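# Architecture at a glance
Given next are the chains, with one letter for each unit.
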Amino acid sequence: MIRMRFLSLFLFALASRTVEAQQLRLVAHNDLGGTGLHGAVAVVGNTAIVAAGIMPAGGVHAHLYNPYACAPVDIKLVDVSRPASPKLVGRIRLPGGMAANDVSARTVRTPAFAGDLLAVALTMCGASSVHYDRGIAYFDISDPARPQMLGRYQADGDSVRADSIPSCGAPPALSPERCAASQHTVQLIEFADGRVLSLSTEPGASASNFPSGDVRIVDVTDPRRPVQLSSFPARKEPIFSSNGCRPFRAAHDARLGPDGKTVLIAFYDGGLISVDAARPELPVRLAHLDFGTDRMVEGNAGYIASASVNGRSLALVSEQDWLPVETELEIASADGNVLSMPACEAVFTLYDPERDSQIYNRAGSQIDAEITYLGRGCPGGDGMVDHAMDGMHDMATGADAYVSGSAGKLVMIDRSAQPSQPGVGAGPGCSIAARVKRAQSEGALGVIVAQTAASSPQAFSPDGDPTDLAIPTVQIDKSDGDRLRSRLCPTIESGRCVRGETMRARLRDKPGTFGGLRVIDLTDPAAPRLVTVLHSPSAATFPPRDLGVYAPNRAVIDGHVAFVPWNSDGVRVLDLTGPVPAEIAAFVPPDRPDPTGQLPAKTYVVGVALLKAGSSPHATHLLVSDLNSGLYVLEIRGR
């Protein structure tokens, strides 16, 4: 979307795809077995741990990864004692339908445990995975070739057991009990009093009225028996915002601040929240930097990192905004009036691997045609309409009638049944993809989905199998859909719209901007201040030249230098000493195909970690995790 912000946008200088010799030097690459679907990376001692798996779009995590399948994956343990020769030495197997979305590791010395401790945030990656253990799993990886599970934080399970060792039975036991809810991110920290704690997030837990809020503080001093100390926020909060096409407010990431007692929370459209956790049993809100409620601004504070540089406390907040274009629907009626409204493109339109569905690939980046109304547009058991019923709803199959022809037109369908339209049945639902396929088979040029739930605004996480879809799908807000429906189909008689207007529509893509890196000054803890927003070189290219993602993930900071994994724009290296951070180096791995055949053949740098040698005060090497191609080791020079 075009960003209508009251912010300072700072575009990076264009950087080449080669390493700047005085800053970074590639010394090794390991494809980690060639399996793909690699995730975040962490380091403890000479062991690197690479997370695994992808998440479907749903709720607060709607992006590139929907609606791909969730294949079985392994967490990889890599010996990096010789940076030029990283060696895969161990694996932690995950069942199909599960993802290790985040990992954190540290060396721990407590009366209950001594060794290298790994925390894994386990999340579901499909409906069938509700039967598997999730939450946070803790492993002893002192011998990375033989990782041993120690315990599990059950994370508000529907049926919480007395012990936190897996209680559902080994998959595929398929217990009817959900032993633990998904956790999205995790960080292991050592508190001032010697306790070892883990911070983790479950986006939307507070809005779902779970017993615990989105952020969990868990005592893992004895990792065999994790004990939750507290959570935040304590009360139920609304999850929906008024921002953009992914309008959610929820904790997506939580990290300990540089003072060792403040927890910083990336709260999606809610912005940045800081919490005083000096007493981890009783966290208290300190400050809140809200991103505002501009309909044309996504927000999406996804990941957070922080540092103290030259007397300033800084936070780097990565926006998880994956929408490279702004899409608009214009309606022209016979009286000459034009209605203009935002339209949110389906993920399987934006990231159609065949590049058939995208509106920006049409002439003039638009589709211009008559618009017609099709009710819900659900297919029946065989996808056919019983015309003998005069187009009325087929109660036996759950099919909705086509109340108007669709060939050569843009068609509007309702996301759910509308009681004001008696010709549209309220039978069982069907996937968005199935409805679009039906419209496509009838010759429609595109599908406009009208949001119909008053409780949720314009969010769009389309469901179903998008295979073979070649027409675009967008969703419009409920208020716009209600207004348009009343004009297209004010009345249904004998299964047909009557007295509706004949209207033309133009669906078009315009330049937008991928999410950026918000630099926030936290020197005054009570008054966080936005410094700037940084975007990578390809963030505003229109039309998008490929299916890359040009938004950042969580940075890591070493002294005054930040290393930011920026997906398809590789790693961007920033000097934080000036009033505005300046890019000093970059590394972009080559595009590689996804070994699973699901994702585009692009670079996706999703995680970075720092590796120190001996007593060096700063990192000597940077580990870079690419979703498709594995682990890269870079030597950091010129420090």
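For the structure, check the block above.
Attention in this report is confined to the structure presented alongside it.

Each aromatic ring pair is described using two quantities: the centre-to-centre distance and the angle formed by the ring planes. Summed over the entire model, instances satisfying the criterion amount to three aromatic pairs. A ring pair is formed by Phe514 and Tyr550, whose centres lie 5.7 Å apart and whose planes are at 75 degrees; its orientation type is edge-to-face. In this pair, Phe514 sits in the loop between β29 (503–511) and β30 (517–521) while Tyr550 sits in the loop between β31 (529–535) and β32 (556–558), placing the two residues 36 residues apart along the sequence. Each member of the pair, Phe514 together with Tyr550, is buried.

This part is about the pairing of strand β16 (residues 262–268). For β16, the tally of buried residues reaches seven of seven residues, placing the bulk of the element in the interior. If you look at the hairpin formed by strand β15 (residues 249–256) and β16, you'll find five residues sitting between the two strands, and Gly260 has a positive phi there, around 80 degrees. In terms of strand pairing, β16 meets strand β17 (residues 272–276) through five bridges, oriented antiparallel. For Leu264, the partnering residue across the bridge sits in β17 and is Ser274. Here β16 hands over to β17 after three residues, with Gly271 in that stretch at a positive phi of 85 degrees.

Next up on the list: the side chain of Asp480. Within the element layout of this structure, Asp480 appears in helix α3 (residues 478–488). Among residues more than four places away in sequence, those in contact with Asp480 are Met341 and Pro342.

Right, let's get into the nonpolar core. Ranked by size, the top nonpolar core spans 42 residues in total, and within it Ile49, Leu118 and Val120 carry the most contacts. Looking at this core, the elements that each hand over two or more residues are β3 (38–44), β4 (47–52), β5 (73–79), β6 (87–94), β7 (98–109), β8 (114–124), β9 (135–140) and α1 (347–350). If one sorts the elements of this core by residue count, β7 sits on top with four residues. Setting aside its immediate chain neighbours within four residues, Ile49 contacts Ala40, Val41, Ala42, Val44, Ile75, Lys76, Leu77, Val103, Ala105, Leu118 and Ile141. Ranked by size, the runner-up nonpolar core spans 23 residues in total, among them Ile359, Val474, Ile476 and Cys489.

Before going further, it helps to examine the environment of Ala40. Summarising the element assignment, Ala40 is placed in strand β3. Here the alpha-carbon distance between Ala40 and Ser104, two residues 64 residues apart in the chain, equals 9.1 Å. The residues contacting Ala40, other than those within four sequence positions of it, are Ile49, Val50, Ala51, Asn101, Asp102, Val103, Val606 and Gly607.

A grouping of Glu354, Asp356, Asp465 and Asp468 is seen on the molecular surface, where their side chains present a negatively charged patch. As for its placement among the helices and strands, Asp356 is situated in the loop between α1 and β23 (366–373). Given a relative accessible area of 38%, Asp356 falls into the partly exposed group.

Taken together, the buried positions of helix α2 (residues 432–441) are occupied by Ile432, Ala433, Arg435, Val436, Arg438 and Ala439. Along its buried surface, α2 packs onto α1, β24 (410–414), β25 (446–450) and β26 (473–476). Gly443 sits one or two positions beyond α2 and adopts a positive phi of about 95 degrees.

Quick notes on the rules
Residues numbered from 1 in each chain as written. Predicted model: local features only at pLDDT ≥ 70, side-chain atom pairs only at ≥ 80, totals over all residues. Heavy atoms only, no water. Phe/Tyr/Trp six-rings, centres within 6.5 Å; stacked < 30°, edge-to-face > 60°. Helix = DSSP H or I, 4+ residues; strand = E, 2+ residues; numbered from the N terminus. Buried < 20%, exposed > 50% of the residue type's maximum accessible area, 1.4 Å probe, protein only. Pairing = 2+ DSSP bridges. Contact = heavy atoms within 4.5 Å. Core = buried A, V, L, I, M, F, W, Y, C linked by side-chain atoms within 4.5 Å. Patch = residues over 30% accessible without salt bridge, like charges linked within 9 Å, V, L, I, M, F, W, Y side chains within 5 Å. Areas by Shrake-Rupley, 256 points an atom, 1.4 Å probe, with all protein chains shown as cover. Salt bridge = Lys/Arg side-chain N within 4 Å of Asp/Glu carboxyl O. Lys, Arg positive; Asp, Glu negative; His and termini not counted. Charge placed at Lys NZ, Arg CZ, Asp CG, Glu CD.

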